[in-house]
Amino acid sequence: MVEDEPQRLARRKANLRRRAFIYEYIRDFFKERDFLEVDTPIRSPAIAPEEFITPFESEDWFLAASPELYMKRLLAAGYEKIFQFSHSFRKGERGRWHNPEFTMLEWYRTGADYSQIISEIEDLITAIAGRLGFKNNKIEYQHQAIDLKKPWPRMTVRDAFLKAAAWDPVAEPDSLRFDTEFVTKVLPAFTPERPTVLIDYPASMASLARLKPGNPLVAERAEVFIGGLELANAYSELTDVKEQEQRFREAIEEIQKERGQTMPMPQKFLQALLRLPECGGVALGIDRLVMLFCNADSIDDVMAFTEEEA
Amino acid sequence: MEIEDVKKNTKIIVDGVLYNIEEVDFTKPGKGRSIYRLRLKNMRDGGVVDRTYRSGERVDEARLDTEDEQYLYREGDNYIFMDTRTFEQHSVPEKLLGIKKNFLKEGMEVVMLMHGDEPIDVNLPITIDLKVIETEVSTKTATITPQMKSSVVETGFRVDTPSFIKMGDVIKIDTRTGTYIERVSTGK
């Protein structure tokens, strides 16, 4: 039987209330650390071209798939610690963990690398757990007890794949195989009772992260997983404008070839990159964080209106 | 069709075999491709398999047609139907019908789901009226509860009915569950 709207929204109310508390705790956390909350455009003439992220078009512009480029333009202008909640849009992404419109929390700080950002993610998530009343960093998600005690185990992408799929994606890069085996082999092999931080992605999957000084085969990129949920993606940000422009150009060509979509080069961002200091940043999926703390099985249970209900 | 467009209950052909999609599990690692893990049910033998697809891949959607057909007769383990428009006959194996075989009356009209020339499913009306041909007079033996007793309808199907049901009565049965709903008329 189809549930009607008042019933559905009544059922979700406890989760939506908790969601509001989580927003409040996040703002408190960053205020205490002297971060500035910013608000950048959702609709833009140019966004970061990414091979596997399809943006929605809006007139001749695009809806944000992430606020990343604007936030780095702020950093380049001298803003040192900034955070933002941003509605983000990605076409075709719908499932238990996805809705095409979702909420991203991003934060950046100058003078930091991905390792410090990972520590800050640990601080934030354990702080939220504490304020929500979870004792001793212990939560339960989908019948799995999880211990959030810091520090979280970090594992290189190479080791994770060698262990679960007997293959080294750094030595033998193959992004097609990477995506499939990640979902079918690597993710299911994570220790379920602890968060997992995957670090050092193959250089070809660097996106907007810098390559590791001393080991250009990998990028300083990290992904955080808790309870099987992919929660956050952190970088030591790439500040080399030539390298960034080259990566964008390759992505633009690939998108044109694969999807027939013409993506403009984000010129204003590239100009700002000339002034961007060393910095680290992260994008964290708020809906999934709320799922984790509400013990919700589906993203539908933590948003008021999904794509189908809009 | 594009893998992006598949939904639960889409029918697809994989390696020449017709499957119903029972579940679609969408994941997308990091900045990577969309991964679709499908749970597929073989529509001929009911076997279940899991298959993984990546964005950009295509699947072969099964073209299904519906035909108005009439049930004619049973022949061993097969049930023979006739397309009321072309008069073409189709043989449907017993295992495809499941519980529905108990509610087929000669001459009855059904909607047949077809994949090419192959019958996939038979859709019956949700309820059907059938005549009771055998029932116990006494309510003291072989009854489920004091108010219910076992009766046999004209198709040979045994159903629990209230004790007031008599031979010759016509009763309404739910074809999805095989349960008694009500008495339609009393026999003479």
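Residues numbered from 1 in each chain as written. Chains lettered and ligands numbered in written order. Predicted model: local features only at pLDDT ≥ 70, side-chain atom pairs only at ≥ 80, totals over all residues.

(A) How the structure looks around the overall build of chain B. Of regular secondary structure, chain B possesses one helix and 15 strands. Taken over C-alpha atoms, the radius of gyration comes to 22 Å for chain B, far larger than the 16 Å a tight globule of 188 residues would show. Along the longest, intermediate and shortest principal axes, the C-alpha atoms of chain B span 70 × 40 × 25 Å. In chain B, 40% of the contacts between residues at least 6 apart in sequence involve partners at least 24 apart. (Helix = DSSP H or I, 4+ residues; strand = E, 2+ residues; numbered from the N terminus. Rg over C-alpha atoms; globule rule 2.2 N^0.38 Å. Contact = placed C-beta atoms within 7 Å.)

(B) Main features of the interface of chain B and chain A. The interface of chain B with chain A comprises 14 residues on the first partner and 22 residues on the second. Of all the secondary-structure elements, those providing two or more residues to the side of chain B that touches chain A are strand 2 (17-27) and strand 4 (48-54) of chain B. Looking at the side of chain B that touches chain A, the element that brings in the most residues is strand 2 of chain B, giving three residues. Grouping the constituent residues of the side of chain B that touches chain A by class yields three nonpolar, five polar and six charged. (Nonpolar A, V, L, I, M, F, W, Y, C, P; charged D, E, K, R; others polar.)

(C) Highlighting the domain arrangement of chain B. All names here are of chain B. Segmentation of chain B into domains returns domain 1 (3-61), domain 2 (64-123) and domain 3 (127-185). For domain 2 versus domain 3, the separation of C-alpha centres amounts to 25 Å. Considered class by class, the residues forming the side of domain 2 that touches domain 3 number three nonpolar, one polar and two charged. (Domains from an automatic or database assignment.)

(D) Examining the environment of V38 of chain A more closely. Residue and element names in this part refer to chain A. With respect to the element layout, V38 can be found in the loop between strand 1 (36-37) and strand 2 (43-44). On a C-alpha basis, the gap between V38 and V224 in space is 24 Å, while along the polypeptide they are 186 residues apart. The contacts of V38, once residues within four sequence positions are left out, are M71, L74, I82 and Q84.

(E) Highlighting the packing of helix 1 (residues 5-32) of chain A against helix 3 (residues 114-131) of chain A. Residue and element names in this part refer to chain A. At a closest axis distance of 10 Å, the pairing of helix 1 and helix 3 adopts a crossing angle of 125°. The angle between helix 1 and helix 3 falls in the class oblique. Helix-helix and strand crossings are classified by hand; for helix 1 and helix 3 the assignment is right-handed. Touching I22, Y25, I26 and F29 of helix 1 are L124, A127, I128 and R131, all from helix 3. A breakdown of the residues in the contact of helix 1 with helix 3 according to their chemical character gives seven nonpolar, no polar and one charged. (Axes fitted to C-alpha atoms, helices over the stretch in contact; angles between N-to-C directions. Parallel < 35°, antiparallel > 145°, perpendicular 65-115°, else oblique. Left-handed = near helix turned anticlockwise from the far one by under 90°.)

(F) Just the sheet that holds strand 2 of chain A, in detail. Residue and element names in this part refer to chain A. Strand order in this open sheet of three strands is 2-4-3, and the pairing throughout is antiparallel. The open sheet has two free edges, formed respectively by strand 2 and strand 3 (57-58), since each of these has just one partner strand. One ladder, built from two bridges, connects strand 2 with strand 4 (residues 61-63); its direction is antiparallel. Directly across from S44, in strand 4, lies its bridge partner F62. (Pairing = 2+ DSSP bridges.)

(G) Region of the structure containing the pairing of strand 14 (residues 279-285) of chain A. Residue and element names in this part refer to chain A. In terms of residue burial, strand 14 counts as a mostly covered element, since seven of its seven residues are buried. Every second residue of strand 14 is oriented toward a common face, with C279, G281, A283 and G285 on one face and G280, V282 and L284 on the other, all of them buried. Where strand 6 (residues 101-110) and strand 14 come together, seven bridges link them in antiparallel fashion. Looking at strand 14, one finds that L105 is bridged to L284. Direction of pairing for strand 13 (residues 229-236) relative to strand 14: antiparallel, over a ladder of five bridges. Paired with A234 across the two strands is V282, which belongs to strand 14. (Buried ≥ 20, exposed ≤ 12 C-beta atoms within 10 Å, placed from the backbone.)

(H) Quick look at the nonpolar core. If you look at the biggest cluster of nonpolar residues, it comprises 90 residues, and the most contacted ones within it are I121, A234 and L284 of chain A. Apart from the residues lying within four places of it in its own chain, the contact partners of L284 of chain A are M104, L105, L231, A232 and L289 of chain A. If you look at the next biggest cluster of nonpolar residues, it comprises 17 residues, including F103, L104, V122 and V132 of chain B. (Core = buried A, V, L, I, M, F, W, Y, C linked by C-beta atoms within 7 Å.)

(I) Up close: helix 6 (residues 241-259) of chain A. Its 19 residues give helix 6 of chain A an end-to-end C-alpha distance of 26 Å, which sits within 8% of 27 Å, the value for a rise of 1.5 Å per residue. One or two steps after helix 6 of chain A, the chain reaches G260 of chain A, where phi turns positive at roughly 65°. (Expected span 1.5 Å × (residues − 1).)

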